[in-house]
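Residue-level listing of the chains:
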Amino acid sequence: MATPTMDRVEEDSAASAHLLTVTFRIRRFNPEVSDEAWWQDFQVDIDPKERVLDGLHKIKWDLDGTLTFRRSCAHGVCGSDAMRINGKNRLACKTLIKDIVSLDKSGSVSKPITIEAIKGMTVLKDLVVDMDPFFQAYRDVMPFLVTKGNEPTRERYQSAEDRARFDDTTKCILCAACTSSCPVFWNDGQYFGPAAIVNAHRFIFDSRDEAGEQRLEILNDRDGVWRCRTTFNCTDACPRGIEVTKAIQEVKRALITRRF
């Protein structure tokens, strides 16, 4: 009869048999150490069903406590752990190792997973960027319901059809994956960017709101919606599946027709 200790050994052996040895190649930056960024490799034994965020935790907790990155809910809701993974903007908490790792014929990992900060924003340290300009653009488009009159005595009712009009753009979690994937934003940080326009869209097409014209005028600025070049990078990058480019085009159309 197997003993509890033997059972535990067998379980550990079975678990280790499913682990992959993955090289995480991370672009590091620490202004207290150097003015230049550098790449650093870390080898991690990890289950392919785990997430990139799990790998980053293993590195920070077990290998190098100076590695710096943002994370919070770890469930794809807070949007704080957006980063470039293998050259694409993704959320580390939603990206599974098995979906991005390259294996050779023997089943071994053949290429490192590269991780760097999102583009177009000032890197503060390692994978952490300065989000202040991003959130300022968000605030500038008035991302709140504007109505007139006294405070209502009941809810402001809305039909299912009216609600469906802007349902897609309510999904934004402000991760900046779309904005930092935009080549226009890379070259000109003054551009409002896709995320700000998406959040303006959410209220412009809300039947209860009364500040649509004001928001449209804000986005009619030289750094506003007309800077979009329709490359679809933003739509591809959105971890929530928002049709970002479509929303931007609808705002452009509303500016021309003044119908929203």
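Quick caveat: nothing in here was measured; it's all calculated off a predicted structure.

## Some details on the layout of surface pockets
Here the largest pocket is characterised by a volume of approximately 250 Å³. Lining the largest pocket we find 15 residues, and of these K88, N89, R90, D236 and A237 sit closest to its centre. Secondary-structure elements contributing two or more residues to the lining of the largest pocket are β4 (88-91) and α9 (233-237). The leading source of residues in the lining of the largest pocket is β4, at 4 residues. Looking at the lining of the largest pocket residue by residue, the class counts come to 5 nonpolar, 5 polar and 5 charged. Estimated volume of the second largest pocket: approximately 150 Å³. Around the second largest pocket, the lining residues are P133, F134, Q136, A137, D140, F185, G189, Q190, Y191 and F192. Here the element with the most residues in the lining of the second largest pocket is helix α4 (residues 132-140); it accounts for 5 residues. In terms of residue class, the lining of the second largest pocket is made up of 6 nonpolar, 3 polar and 1 charged.

## Details of unusual backbone geometry
Non-glycine residue D126 carries a positive phi angle of around 50°. Tracing the backbone through its elements, the reader meets D126 in the loop between β6 (123-125) and β7 (128-129). Judged by relative accessible area, D126 falls into the buried class, the value being 2%. The backbone of T230 sits at a positive phi, close to 55°, despite the residue not being glycine. Here T230 lies in the loop between α8 (212-219) and α9.

## Structural notes on the sheet that holds strand β2 (residues 38-46)
Backbone-to-backbone hydrogen bonds pair the strands of a sheet. The strands run either parallel or antiparallel. Read across the sheet, 5 strands follow the order β2-β1-β5-β3-β4 without closing on themselves; strand pairing throughout is mixed. Two strands lie at the open edges of the sheet, namely β2 and β4, each paired on one side alone. Direction aside, neighbouring strands of the sheet carry axes that sit 35° apart on average. Where strand β3 (residues 82-85) lies against strand β5 (residues 113-116), 2 bridges are found, and the strand directions are antiparallel. Among the inter-strand pairings, R84 is bridged to a residue of β5, identified as E116.

## Re empty space enclosed by the protein
The full count for this structure, using the stated rule, is 1 cavity of 30 Å³ or more. Split into classes, the residues belonging to the lining of the largest cavity amount to 13 nonpolar, no polar and 1 charged.

## Digging into the nonpolar core
With 66 residues, the main nonpolar core has F24, I26, V52, L56, I115 and L219 as its most contacted residues. For F24, the contacting residues outside a window of four places in its chain are Q40, D41, F42, V44, V52, G55, I59, I97, I113 and I115.

So, how was this worked out
Residues numbered from 1 in each chain as written. Predicted model: local features only at pLDDT ≥ 70, side-chain atom pairs only at ≥ 80, totals over all residues. Heavy atoms only, no water. 1 Å grid on protein atoms, 1.4 Å probe; cavity = no way out; pocket = protein on both sides within 12 Å on 5 of 7 lines; lining within 4 Å. Points joined across faces, edges and corners; volume = space filled by probe spheres on them. Helix = DSSP H or I, 4+ residues; strand = E, 2+ residues; numbered from the N terminus. Nonpolar A, V, L, I, M, F, W, Y, C, P; charged D, E, K, R; others polar. Buried < 20%, exposed > 50% of the residue type's maximum accessible area, 1.4 Å probe, protein only. Pairing = 2+ DSSP bridges. Axes fitted to C-alpha atoms, helices over the stretch in contact; angles between N-to-C directions. Core = buried A, V, L, I, M, F, W, Y, C linked by side-chain atoms within 4.5 Å. Contact = heavy atoms within 4.5 Å.

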